[in-house]
Amino acid sequence: MREPDEHFRRQILMKSTLFLLFCLILVACSRVDDTPPGVIGDWVLTDGIVTGAPLPVVDGHRITISFSADGSVGGVAACNSYGGSSVADGADGIIGDELASTAMACGEPGVLESEQAFLSALRGPLTYVRTGDGLTIEGNAVVLTFSAVSPVAQADLLDTRW
């Protein structure tokens, strides 16, 4: 009678082990790159320090950053658009160091320099955290401060007869 009990125990042990292995694989493959809810939205740069010097910004050429719930990040870097990903780390997040950007000619003096300084500041390990009404992105010798962009109010169209 001991043989059936031993066989039954081995089956239970094997099934339990397989179930635990399946759970571990499922957890390991799950997405963790969701953006913390407090930073989802659009932000505009208000101040920046890169290696101890102010980040150059040209009037009329806003620098923005947007975070989506799916972990994507992007914006406009004074002239060109850029995009990449971010990873949640508790209430903070980390911007991935592989950002892509468009390559339009930016003819106005200082705009290309401003854009290159900002995009260079975003390369490398950076963390972001919501601070009051603002957003701070920090890394090695980089501190970028953003304020929230107010959403555009939706309005019904009137007299739409053409």
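All residue numbers here refer to positions counted from 1 along the written sequence of the relevant chain. Reporting in this predicted model follows two pLDDT cut-offs: at least 70 for local features of residues, and 80 or more for side-chain atom pairs to be given and counted; totals over whole chains, interfaces and linings ignore these cut-offs and use all residues. To obtain the side-chain values, all non-hydrogen atoms of the structure were included, while hydrogens and water were left out.

Caption draft 1: Inspection of the overall build of the protein chain at higher detail. Numbered from the N terminus, helices here are DSSP runs of H or I no shorter than four residues, and strands are runs of E no shorter than two. Looking only at helices and strands, the protein chain has two helices and 10 strands in total. Going from the N terminus to the C terminus, the protein chain shows its helices and strands as α-β-β-β-β-β-β-β-α-β-β-β. Any residue under 20% of the maximum accessible area for its type is buried, any over 50% is exposed, and the rest in between are partly exposed; the area is computed with a 1.4 Å probe on protein chains only. Across the 162 residues that make up the protein chain, the buried fraction comes to 28%. Sequence-distant contacts, at least 24 apart, represent 57% of the contacts inside the protein chain between residues at least 6 apart. All accessibility values rest on the Shrake-Rupley procedure with a 1.4 Å probe; residue burial counts only the protein chains present in the view. Carbon and sulfur atoms make up 60% of the accessible area of the protein chain, which amounts to about 11000 Å² in all. Contacts were defined at the residue level, with two residues in contact if any of their heavy atoms lie within 4.5 Å.

Caption draft 2: Expanded view of unusual backbone geometry. The residue Thr51 is not glycine, and still its phi comes out positive at about 45°. In this fold, Thr51 is placed in the loop between strand 1 (41–50) and strand 2 (53–54). According to the relative accessible area criterion, Thr51 is exposed, its value standing at 64%. Even without a glycine there, the phi angle at Ala78 is positive, about 75°.

Caption draft 3: Here's a closer look at the side chain of Thr136. You can see Thr136 is positioned in strand 9 (residues 134–139). Its relative accessible area of 13% is what places Thr136 among the buried residues. Polar side-chain contacts of Thr136 include one of 3.3 Å to the side chain of Thr131. Residues in contact with Thr136, not counting those within four places in the same chain, are Thr127, Tyr128, Val129, Thr131, Val143 and Leu144. Pairing of N or O atoms within 3.5 Å defines a polar contact, subject to two protein rules: one partner must be a possible hydrogen donor and the other a possible acceptor, and residues neighboring in sequence count only if both atoms are side-chain atoms.

Caption draft 4: Just the confidence of the model for the protein chain, in detail. One confidence number per residue, pLDDT, is output by the predictor and ranges from 0 to 100. Confidence in the prediction for the protein chain averages 79 pLDDT; 74% of positions are at 70 or higher. Predicted confidence is poor over residues 20–24, with pLDDT under 50, and the contacts of this stretch with residues over four places away or in other chains come to zero contacts. Segment residues 26–33 is flagged for pLDDT under 50; beyond a separation of four residues in sequence, or across chains, it makes eight contacts in the model.

Caption draft 5: Spotlight on the nonpolar core. Side-chain atoms within 4.5 Å are what join buried Ala, Val, Leu, Ile, Met, Phe, Trp, Tyr and Cys residues into a set we call a nonpolar core. In terms of nonpolar packing, the biggest core is built from 28 residues, with Ile65, Phe67, Ile95, Phe118, Ile137, Leu144 and Phe146 touching the most fellow members. Looking at this core, the elements with two or more residues in it are strand 1, strand 3 (64–67), strand 4 (72–77), helix 2 (111–122), strand 8 (126–131), strand 9 and strand 10 (142–148). If you tally residues by element for this core, the top one is helix 2, at five residues. Residues within four places of Leu144 in sequence aside, it is in contact with Leu45, Asp47, Gly48, Leu55, Phe118, Ala121, Leu122, Leu135, Thr136 and Ile137.

Caption draft 6: Just helix 2, in detail. Here helix 2 spans 17 Å end to end across 12 residues, near enough to the 16 Å set by a 1.5 Å rise per residue. All of the buried residues in helix 2 are Val111, Ser114, Glu115, Phe118, Leu119, Ala121 and Leu122. For helix 2, the arc enclosing every buried residue in end-on projection is 155°, short of the 170-degree limit, so these residues lie on one face. One or two steps after helix 2, the chain reaches Gly124, where phi turns positive at roughly 110°. A helix's residues, less one, multiplied by 1.5 Å, set its expected span. Note: the arc covers the axis-to-C-beta directions of the helix.

Caption draft 7: Layout of the state of the cysteines. Throughout, disulfides are identified as pairs of cysteine sulfur atoms within 2.5 Å of each other. Applying the stated rule across the entire model yields one disulfide. Covalently, Cys79 is tied to Cys106 through a disulfide, its sulfur atoms 2.1 Å apart. Since a negative S-S torsion denotes a left-handed disulfide, the Cys79-Cys106 link at about -95° is left-handed. Taken as a pair, Cys79 in the loop between strand 4 and strand 5 (80–89) and Cys106 in the loop between strand 7 (100–101) and helix 2 lie far apart in primary sequence, 27 residues in all. Since its relative accessible area comes to 13%, Cys106 is described here as buried.

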